[in-house]
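Residues per chain are reported as follows:
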Amino acid sequence: MMHLLVRLFVKDHEHTEKEEVRKAIGNLTAFVGVISNLFLCLFKFIAGSLAHSVSITADAINNLSDAGSSISLISFRLSSRPADAKHPFGHARYECLASLLVAVLILFLGVEMGKESISKILHPQQIVSSWVALIVLFASILVKLWMFAYNRSYGKRVHSSLMEATAADSLSDALGTTAVFASTLLSPILHFNLDGYMGLAVAAFILWSGWGLVKDSIAPLLGQTPDPE
């Protein structure tokens, strides 16, 4: 799907070494990410209301607060600006700063998910089984995996650490939604609330992923030794 959009809207899309092509691909993937997150937020909010599920509603808010795509949309425009008198080496580090901001956002969401999970373990809430909610959550997982795939693919093609950070964020969201899906499906059957325990495991993965992105983003800003190649 994304390959089709790139072929349709990015002129000379095969030559990713060109800055204007790189910028166009970055803008397109970021725009698609913003639209996708808005739709996911809307449908999850409706599903959470139907299922009376705080975890689904929180997952909807997570999509709304997922600023990775909108940040990349801005950063690609800034980082592609040509060098000037005050910035003789260009503005490429805008992308590193944006990547760091995405990483910090992932850490923040991981901490919040961990706190919410512990709260649910101590104070479990009943979840109402809803087929609409399950379908929306399953579709959301597929969308997030698609976002992970295209961001990682094009991030490697255009050598964008920010797009790879956005890919990791999308994967974290997919795992989080998977935990919500499993708990929504199984909790009414088992008469035991699984939200907190699954959420805590996912929060640990998110924090581990976020910390790795922080280190990868800081290294270029501190002036790491360039690759010999």
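The preceding data block contains the structure.
Rules used in this analysis
Residues numbered from 1 in each chain as written. Predicted model: local features only at pLDDT ≥ 70, side-chain atom pairs only at ≥ 80, totals over all residues. Heavy atoms only, no water. Helix = DSSP H or I, 4+ residues; strand = E, 2+ residues; numbered from the N terminus. Buried < 20%, exposed > 50% of the residue type's maximum accessible area, 1.4 Å probe, protein only. 1 Å grid on protein atoms, 1.4 Å probe; cavity = no way out; pocket = protein on both sides within 12 Å on 5 of 7 lines; lining within 4 Å. Points joined across faces, edges and corners; volume = space filled by probe spheres on them. Nonpolar A, V, L, I, M, F, W, Y, C, P; charged D, E, K, R; others polar. Expected span 1.5 Å × (residues − 1). Salt bridge = Lys/Arg side-chain N within 4 Å of Asp/Glu carboxyl O.

## Topic: the environment of Val132
No. 1: Looking at the secondary structure, you find Val132 in helix α6 (residues 131-157).
No. 2: Judged by relative accessible area, which is 43%, Val132 ranks as partly exposed.
No. 3: Val132 sits 84 residues away from Gly48 along the chain, and the two C-alpha atoms are 9.6 Å apart.

## Re the layout of surface pockets
Empty pockets left among the atoms are what a rolling probe the size of a water molecule brings to light.
No. 1: The volume enclosed by the largest pocket comes to roughly 510 Å³.
No. 2: If you go around the largest pocket, you meet 26 residues; those closest to its centre are Ala58, Asp59, Asn62, Glu112 and Met113.
No. 3: At the level of secondary structure, the elements contributing two or more residues to the lining of the largest pocket comprise α3 (54-65), α5 (93-122), α7 (161-190) and α8 (195-222).
No. 4: Grouping the amino acids of the lining of the largest pocket by side-chain chemistry returns 11 nonpolar, 8 polar and 7 charged.

## Some details on unusual backbone geometry
No. 1: One non-glycine residue, His159, adopts positive backbone phi at about 55°.
No. 2: Considering the arrangement of structural elements, one finds His159 in the loop between α6 and α7.
No. 3: Looking at His159, the relative accessible area reads 67%, which means it is exposed.

## Regarding helix α2 (residues 19-51)
No. 1: Along its 33 residues, α2 runs 47 Å from first to last C-alpha, staying within 8% of the 48 Å computed at 1.5 Å per residue.
No. 2: Looking one or two residues beyond α2, the residue adopting positive phi is His52, at roughly 55°.

## Thoughts on the pattern of salt bridges
No. 1: Taken as a whole and assessed by the stated rule, the structure comprises 3 salt bridges.
No. 2: For the salt bridge of Glu112 with Lys115, the shortest nitrogen-to-oxygen distance reads 3.4 Å. Here Lys115 and Glu112 lie together in helix α5, a separation of 3 residues that amounts to about one turn.
No. 3: Residue Glu112 is classed as partly exposed on the basis of its relative accessible area, which comes to 31%.
No. 4: Notably, a salt bridge pairs Asp173 with Lys144, separated by 3.1 Å at the nearest N-O pair. In this pair, Asp173 is assigned in helix α7 and Lys144 in helix α6, connecting sequence segments 29 residues apart. The same class applies to Asp173 as to Lys144, namely buried.

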